[in-house]
Amino acid sequence: MQIKSIRGFNDILPDKIKRWHHIESTAKEILELYGFSEIRTPVIEFTDIFARSLGTTTDIVEKEMYTFTDRDGSSLTLRPEGTAGVVRAYIEHALYSISPIWKLYYMGMMFRHERPQKGRYRGFYQIGAELFGSKDPFSDAEVITMLWRFFEAIGISNYLTLEISSIGDDRCRPLYRSKLIEFFSSRKDTLCRDCLRRLQQNPIRILDCKQEGCKQLTQDAPSILDNLCKECSEHFESVQKNLQNIGINFAINPRIVRGLDYYTRTVFEVTTKELGAQNAVGAGGRYDKLVEELGGPPTPAIGFAIGMERVVLLHEKAFPEDFKKQVDVFIAYIGSEAKKKAFLIADQLRRNSIATELDYEDRSLKSQLKRADKLGARFTIIIGEDELKQDKVKLRNMKESTEEEIKFEDIFPKLKNTCSHLSNTTSDFHRNQKAL
RNA sequence: GUGGGUGUAGCUCAGCCUGGUUAGAGCACUGGGUUGUGGCCCCAGAGGUCGCCGGUUCAAGUCCGGUCACCCACCCCA
């Protein structure tokens, strides 16, 4: 096999794309309802943007970035996540001087050079949202609520768990960190090899280890939640109350470890048990220092990212039936004169938002009807020589297997109530989804 | 980077253990059964470097070695 896509990069073929469209349009709908506006930023930035945002010792920056040198010698990187680019745009265009609050979302491809596995790819899509300019715990609750409402809207929330925590800020986290180091350093012999390394690089991550020995040990380890400063603690309390107030169910998991350095205070994860090892479907947190660190004015912010492929996998599990593209009308013809007429009618119907399809190769009527059936056409218009002579067509209702002869000029009036592109996109299936 | 699994038709897979005619099935595709009528059924057709390279053998899809790819898992993450 010579001709092949790059490892970890996938094609999304037309038979899958309807599902993607449905998820994406639902996401847009929800995000806009919450006041978010789309922003599109380049898929490529100066490497420095990511290195400074994510932290130079994070796995992403250390070994997962697609980085290369431009012709002028500058180092460029394909974005491994979305926040850094949005923050860059926020600062570059001085959005803070236009409005104190900005709610932005993006949908697009991200790139990470990891070993692919289930739910994890080198080129993958994320839907992300960022709220700039508020440190109010209500904004935390709003963003988390929106994330959860999205999962409800596409009907996969039954598979999901929402967990939240706080990782403190630059006052309390360093203190906690040294407490942890102290705790684990005196118990080095019980730690696995990975955790010994973590102890050096990122001791908080030991809390997330899957090894039994380490798991046991972390039972007695100090919890971040007992070590928050007063302000962080109050903030976290308030976020919880606000979520409870509107009936969002969540669990507190003090072991939530985020992979990026920029997070402060509130962090949250939506996870599933259905996808094997890659259990995070959406995750995010507050990052109150990042804008300032990248050269903007001090600006609190909070955001999340959703893994599109993982959502799609869950959606396929929840709704295994195909998301079929549907045509309203198929036009079958017999003979070259009828073909011309068919082509003309097709154009008129399409101009009136009726999805119409027809064959090219002058195939048998039987073949044409087969194809009409395969395409799920609601109606088939049949034009043969007899019909041409009488200025009529046969209109066949494919579901009922009934047929009637109507005049050319009656085609559109007859069809416009039963099918249109609009009614097609709000099919029963689609409506059922929304009702969930 | 490490470990395990899998590579045979467009897709899902059987055949390999125990080497031996033209390598099979289901689905999908094309045509026909109805010279102008879909779904179900029946018939026919088309579709294969058995991942690749080498070795053993009279003979390799089958045994052996290597290699590549994909999948899953570790690590990490959405």
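See the structure printed just above.
Predicted model, so just to flag it, every value in this text is computed and none were measured. (Residues numbered from 1 in each chain as written. Chains lettered and ligands numbered in written order. Predicted model: local features only at pLDDT ≥ 70, side-chain atom pairs only at ≥ 80, totals over all residues. Heavy atoms only, no water.)

Student: Describe the sheet that holds strand 12 (residues 329-333), and please don't skip the residues or the numbers.
Tutor: The strand order across the open sheet built from five strands is 13-12-14-15-16, with neighbouring strands paired in mixed fashion. Edge positions in the sheet fall to strand 13 (356-358) and strand 16 (402-407), since each has one partner strand and no second. Within the sheet, the average angular offset between the axes of one strand and its neighbour, ignoring direction, is 25°. Contacts from helix 13 (residues 365-374) reach strand 12, strand 13, strand 14 (379-383) and strand 15 (392-397), with the element oriented near 175° to strand 12. (Pairing = 2+ DSSP bridges. Helix = DSSP H or I, 4+ residues; strand = E, 2+ residues; numbered from the N terminus. Axes fitted to C-alpha atoms, helices over the stretch in contact; angles between N-to-C directions. Contact = heavy atoms within 4.5 Å.)

Student: Report on the pairing of strand 12, specifying residues and quantitative values.
Tutor: Summarising burial for strand 12: five of the five residues are buried, a large majority. As defined by bridge partners, strand 12 adjoins strand 13 across three bridges and the pair is classed as parallel. If you follow Phe330 over to strand 13, its bridge partner there is Glu357. Between the parallel pair strand 12 and strand 13, the chain is carried across by helix 12 (residues 336-351), and the sense of this crossover is right-handed. Bridging between strand 12 and strand 14 involves five bridges; their strand directions are parallel. Bridge pairing in strand 14 places Ala332 opposite Ile382. (Buried < 20%, exposed > 50% of the residue type's maximum accessible area, 1.4 Å probe, protein only. Right-handed = clockwise from strand over helix to strand, strands pointing away.)

Student: Any details on the pattern of salt bridges? Residues and values, ideally.
Tutor: Under the criterion given, the structure shown has 26 salt bridges. The partner of Glu231 in a salt bridge is Arg171, with the nearest N and O atoms 3.7 Å apart. Of this pair, Glu231 sits in helix 9 (residues 230-245) while Arg171 sits in the loop between strand 7 (160-166) and helix 6 (172-185), placing them 60 residues apart in sequence. Judged by relative accessible area, which is 38%, Glu231 ranks as partly exposed. The exposure class of Arg171 is partly exposed, given its relative accessible area of 47%. Residue Arg350 pairs with Glu357 through a salt bridge whose shortest N-O separation is 3.7 Å. Bridged by salt links that share partners, the residues Arg350, Glu357, Asp359, Arg363 and Arg371 form one connected network. (Salt bridge = Lys/Arg side-chain N within 4 Å of Asp/Glu carboxyl O.)

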